[in-house]
Amino acid sequence: MIGVCSYIVKDISGKGLTLEDLKVKLVELGFSDIPLIKNEEIVKDSIEYLQTLNIKYTIHSPTSDEECGLTVDLGVDNKNNIKTMEKVFEVASLLDVNQVVVHGGDVNGSYYKAFINTKNQLTEISKIAEDYSVRLVIENLNDNRVGAMPHEFMPFLSENVGMVFDTGHAYLIQLKYGVDMREFIRQLSPYIEHLHIHDNLGVSDERLAIGEGSIDWKSVIKELSKTKAKYVILEIRKYLSSEHVIDSINALSKGFNKRAVRYIEKSIVNKQKTAAEV
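Attention in this report is confined to the structure presented alongside it.

On the surface, a cluster of positive charge is made up of Lys218, Lys258, Arg259 and Arg262. Tallying contributions element by element places helix α10 (residues 258–277) first for the positive patch, with three residues. Structurally, Arg259 is set in helix α10.

Now the structure itself:
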């Protein structure tokens, strides 16, 4: 199922394009895009509003640098992480959400301590998630957090924890450390249940539309086609034009196959023309 992050959904965040323009039936909710939890309580007005939109949701749990101030950092052993995540699962149950994305912890000082804290708390919250019929999926990240390299994930994966593969993050790791994105996908393909798709120019996590950065989509799509991802989220935050966002949705709607590659290659040419004109 193809969807977008709530950041670019005008009906939810006030920014980007309308659901009518996007023509998607799936949105991944971010906590900085709409108030869902405030003062440790669920914001009922927001829940009721989201229920009126007649779409399906996944949820991206709060991160350590969440703009709204509601944060979770599994790298630190803190009971507030557990309390916040249980509230997240309550929100999920109210919106019939069955997958929640989580991040590994920040590495501030000892990597090993952050890794162990992430593992222990992930085990704890995954058990709580089961009580709400929610499955956790943990995302590959940049190298200042636990979960930048493929070998880190095996200790986290369990009966109620799968994986999110993020193309933009993997591309930055590939350029910095030489870890081929395709090999990253191959190693974890059986466990990848959720995808975050976005592009960048290899310097920072820009979250561009497909073709606005420098990822080799032809080779990446071939490997992504071998996964069994249930949800595919375009995690776009910046884009040269609204048309490029729609093009990205249309490309993925064709599946991870040659038709998608041809569509992307054609749209990349058009994006390059747009960039040259800007």
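There is more to say after this.
Right, let's get into the packing of helix α7 (residues 181–188) against helix α8 (residues 217–224). When two helices pack together, their arrangement is given by the angle between the helix axes and by the axis-to-axis distance. Where α7 contacts α8, the axes come no closer than 9 Å and their chain directions differ by 5°. Relative to α8, α7 is oriented roughly parallel. Residues Met181, Arg182, Ile185 and Arg186 of α7 touch α8, and the partners they reach there are Ser219, Val220, Glu223 and Leu224. Considered class by class, the residues forming the contact of α7 with α8 number four nonpolar, one polar and three charged.

Our focus in this paragraph is the sheet that holds strand β2 (residues 26–30). Taken together, eight strands build a closed barrel; the order of strands is β1-β2-β5-β6-β7-β8-β9-β10 and the barrel is parallel. Direction aside, neighbouring strands of the sheet carry axes that sit 30° apart on average. Looking at chain direction, strand β8 (residues 161–166) and strand β9 (residues 192–197) are connected through four bridges and run parallel. Of the residues in β9, the one forming a bridge with Phe165 is Leu195. In the packing of helix α4 (residues 79–94) onto the sheet, contacts are made with β5 (56–60), β6 (99–103) and β7 (135–139), and the angle to β6 comes to roughly 155°.

We now examine the packing of aromatic side chains. Taken as a whole and judged by the stated rule, the model has five aromatic pairs. Residues Phe115 and Phe156 carry aromatic rings whose centres are separated by 5.0 Å and whose planes lie at 35° to one another, so their mutual orientation is tilted. Within this pair, whereas Phe115 is found in helix α5 (residues 111–131), its partner Phe156 is found in the loop between β7 and β8, the two being separated by 41 residues in sequence. Here Phe115 and Phe156 have matching classes, each one buried. Following the ring pairs from residue to residue traces out a cluster consisting of Tyr111, Tyr112, Phe115 and Phe156. The side chain of Arg237 reaches across the aromatic face of Tyr7, ending 3.7 Å from its centre.

Attention now moves to α8. With six of eight residues buried, α8 lies mostly within the body of the structure. All buried positions along α8 are accounted for by Trp217, Ser219, Val220, Ile221, Glu223 and Leu224.

With that settled, the discussion passes to empty space enclosed by the protein. Taken as a whole and assessed by the stated rule, the structure comprises one cavity of 30 Å³ or more. Approximately 70 Å³ is the volume attributed to the largest cavity. Surrounding the largest cavity, 13 residues form its lining, Pro62, Val72, Leu74, His103 and Gly104 being those nearest its centre.

This paragraph deals with the layout of surface pockets. Approximately 510 Å³ is the volume attributed to the largest pocket. Taken together, 27 residues line the largest pocket, and the ones lying closest to its centre are Thr63, Asp65, Glu66, Arg207 and Arg237. Counting residues per element, the lining of the largest pocket draws most heavily on β2, which supplies three residues. Residue classes in the lining of the largest pocket are distributed as five nonpolar, 10 polar and 12 charged.

Thresholds, definitions, all that
- Residues numbered from 1 in each chain as written.
- Predicted model: local features only at pLDDT ≥ 70, side-chain atom pairs only at ≥ 80, totals over all residues.
- Heavy atoms only, no water.
- Patch = residues over 30% accessible without salt bridge, like charges linked within 9 Å, V, L, I, M, F, W, Y side chains within 5 Å.
- Areas by Shrake-Rupley, 256 points an atom, 1.4 Å probe, with all protein chains shown as cover.
- Salt bridge = Lys/Arg side-chain N within 4 Å of Asp/Glu carboxyl O.
- Lys, Arg positive; Asp, Glu negative; His and termini not counted.
- Charge placed at Lys NZ, Arg CZ, Asp CG, Glu CD.
- Helix = DSSP H or I, 4+ residues; strand = E, 2+ residues; numbered from the N terminus.
- Axes fitted to C-alpha atoms, helices over the stretch in contact; angles between N-to-C directions.
- Parallel < 35°, antiparallel > 145°, perpendicular 65-115°, else oblique.
- Contact = heavy atoms within 4.5 Å.
- Nonpolar A, V, L, I, M, F, W, Y, C, P; charged D, E, K, R; others polar.
- Pairing = 2+ DSSP bridges.
- Phe/Tyr/Trp six-rings, centres within 6.5 Å; stacked < 30°, edge-to-face > 60°.
- Buried < 20%, exposed > 50% of the residue type's maximum accessible area, 1.4 Å probe, protein only.
- Lys NZ or Arg CZ within 6 Å of the ring centre and 35° of its normal.
- 1 Å grid on protein atoms, 1.4 Å probe; cavity = no way out; pocket = protein on both sides within 12 Å on 5 of 7 lines; lining within 4 Å.
- Points joined across faces, edges and corners; volume = space filled by probe spheres on them.

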